[in-house]
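So the chains spell out like this:
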Amino acid sequence: MTDSDTGNGGGDTLPPARKYFSGTAGDRLAWDDAARLDRLQYTVDQARGAPVYKDRLQGLKVHTLEDLASLPFTFKSDLKGHPAEAFLACPKEKVWHFHESFGTTGSPVPGWYSLDDIEVEIDVIDRWLAEFGPGKVVMNRYPYAFPVPAQLVETAVRLMGGTLIPTSNMTYNVGFMRVLRLLEQRSVNVVTGMPLEAILLKETALQLGMNVRDAFPSLEAFAFAGRILTPSWKGSMEDDWGCTVRNLYGCTEGGPFATSCEHGHLHLHEQFFVFEIVDPETRQPLLEDAPVGTLVATTLGREAQPMIRYYTDDLVRVRPGPCPCGSPTRAIEVLGRAGDLIKFGSTEVTNFDLEEEILQWTREFQSNVFFVIITSRGFLVRVEAREPGKVSASEGSRRLTDRLGVPVRVEVLPRGQLINHVSLVTSPAVFKPRTVSDHRVEKRKVINLSGGLIDWWAEVTVKHVLQLMVKGVRDFFAGWRIRLFG
Ligand SMILES: [Zn+2]
């Protein structure tokens, strides 16, 4: 097959992977109302092919964009309560990928993707990582099983012509130390993955006596998905590393809802979705200037798994006014799941506000390692500091109590109390499967197949074991103290 066979054009200038894709995702963007209505009508018709929507949409038509509000919501419980096939809207021959969400809040939910769907979603990644084309090196730390971002990034990098280093974070044989070595030796330009990666890698580097701001001059950006970063999360990581941090908001079942611009604002992909913001109590659409509502997303044109009025359960706040980046789409702050709202007495605290307030304070002493324990007496905020003696816990307690409106007690700890440094620098060695072990020679000796695959104690020394024991005893007494006095 040649480029001309696919209608791509471009000849030798195209990255090789381009020829497998039509390159027409851009034609399917729906910016104006007429195009959006056209794509919405396609979506509703396509959805009728999925068993779960066949009855729900019977007799319902969409003549205007406003008619969407008359269609039923799709809840996460619908996805969990049916077999995955109930949401498949196209023939199985057209399915390229099947994914599932992590399942952190119960049963995982499915995500079917046709080639056309993948191509459109890659368009989002292409725009998000636009400058990482030929000559740029992208390390992909998204887990390859089972959510979708790893494969989207991989394909997007191939299409853009960059160099991919696939090092899924949930694998035995690429631990944090190996990642640091690769960042340095391969001159990596961008790391994609889950947000706490930046903190765990920094802590590992500190253990090794490295300063991450100086050690990786090629590193230009982190591109994170999987959780939302508040401005101070993002800012503290950028302070640590001296590079930019980008954020993607979306889900396996729905797709990439928003990506951050150069000003750090999350812009909704209104060319691929119709978004509604509804009252979490009444589920009625909110006015444009309403402070906070639940995001509802309808895909514009997904072939394998169109989603009609998907009730994300995520509380969002629309940022007022236009963004300096010039994007015509709305920018939002994602405040967390409605179900994760922390209620204390008559006060409600969102995860977003809790993390933002804590980090605004901890950034003053260059820390972003913290953990919050909620007890009947209030919030216990445990914070690591490089020089704990110089940080006033009582001042932190007063400040956070004042800002959050709930009783807060701060505990300032030395480094290594909230992140186990021993586990950061140890990872099991993983070997190729083998069926023979020669015990006569000075080589690694094993006695069964399992022993041949993984060496769990490969890098653990007596010192590490002692550190782990001390940590275990400390954690035990800390837990006991928190239960009594938390
Ligand atoms: Zn912007």
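Criteria and cut-off values
Every chain is numbered on its own, with residues counted from 1 as its sequence reads. pLDDT decides what is reported in this predicted model: residues at 70 or higher carry local features, side-chain atom pairs at 80 or more are listed and counted, and totals for whole chains, interfaces and linings draw on all residues regardless. Remark: hydrogens and water are excluded; side-chain values derive from all non-hydrogen atoms of the structure. Within 6.5 Å between ring centres, the rings of Phe, Tyr and Trp (the latter by its six-membered ring) count as paired, and their orientation is classed by plane angle as stacked under 30 degrees, edge-to-face over 60, tilted in between. Each helix is a run of H or I in the DSSP string that is no shorter than four residues. Each strand is a run of E no shorter than two, and both are numbered from the N terminus. The rule is simple: take the accessible area with a 1.4 Å probe, protein chains only, and divide by the maximum for that residue type; under 20% is buried, over 50% is exposed, in between is partly exposed. In our convention, an over-ring charge means Lys NZ or Arg CZ found within 6 Å of a ring centre and within 35 degrees of that ring's normal. Donor atoms: N, O and S within 2.8 Å of the metal, or within 3.2 Å for Na, K and Ca. Because water is excluded, sites can look incomplete. Here a site with four donors is tetrahedral if all angles are between 85 and 135 degrees, and a site with four or six donors is square planar or octahedral if opposite donors are over 155 degrees apart and the other angles are between 65 and 115; anything else gets the irregular label. Pairing between strands is defined by DSSP: at least two bridges between them are needed. Clockwise travel from the first strand over the helix to the second, with the strands pointing away from the viewer, marks a crossover as right-handed. Both cavities and pockets are sets of points on a 1 Å grid over the protein atoms alone; in a cavity a 1.4 Å probe fits but cannot get out, in a pocket the set is open with protein on both sides within 12 Å along at least five of seven lines, and lining residues sit with an atom within 4 Å of a point. Grid points are joined across faces, edges and corners, and a volume is the space filled by probe spheres set on the points. Nonpolar residues are Ala, Val, Leu, Ile, Met, Phe, Trp, Tyr, Cys and Pro. Charged residues are Asp, Glu, Lys and Arg, and all others, Gly as well, are polar.

1. Looking at the packing of aromatic side chains
Evaluated as defined, the whole model comprises 18 aromatic pairs. Geometrically, the ring pair formed by F222 and W241 is edge-to-face, given 5.0 Å between the ring centres and 80° between the ring planes. Separated by 19 residues along the polypeptide, F222 in strand β7 (residues 221–225) and W241 in helix α10 (residues 231–241) bring together distant segments of the chain. Since its relative accessible area comes to 0%, F222 is described here as buried. Members of the aromatic cluster, each reached through a chain of ring pairs, are F216, F222, F224 and W241. The lysine or arginine in question, R39, covers the ring of Y42, its NZ or CZ lying 5.1 Å from the ring centre. Above the face of the F73 ring, R309 is positioned so that its terminal group lies 4.1 Å from the ring centre.

2. Quick notes on the coordination of the zinc ion
With distances of 2.1 to 2.3 Å, the protein atoms coordinating the zinc ion are C261 (SG), H267 (NE2), C323 (SG) and C325 (SG). Taken together, the 4 donor atoms surrounding the zinc ion define angles of 98 to 115° at the centre, an arrangement classified as tetrahedral. Here the donor residues of the zinc ion share one chain and are spaced in sequence as C-x5-H-x55-C-x1-C. According to the relative accessible area criterion, C323 is buried, its value standing at 11%. With a relative accessible area of 23%, C325 lands in the partly exposed category.

3. Examining the pairing of strand β19 (residues 408–414)
Most of β19 is tucked away, with 5 of its 7 residues classed as buried. With 7 bridges joining them, strand β18 (residues 378–385) and β19 adopt parallel strand pairing. The residue of β19 that forms the bridge with E384 is L413. Each parallel crossover has a hand, and for β18 linked through helix α12 (residues 393–404) to β19 it is right-handed.

4. Remarks on empty space enclosed by the protein
Taken as a whole and judged by the stated rule, the model has 3 cavities of 30 Å³ or more. What lines the largest cavity is a set of 14 residues, and nearest its centre among them are V120, E121, F272, L300 and R302. In terms of residue count, helix α5 (residues 115–128) provides more of the lining of the largest cavity than any other element does, 5 residues in total. Residues of the lining of the largest cavity, tallied by class, amount to 6 nonpolar, 2 polar and 6 charged.

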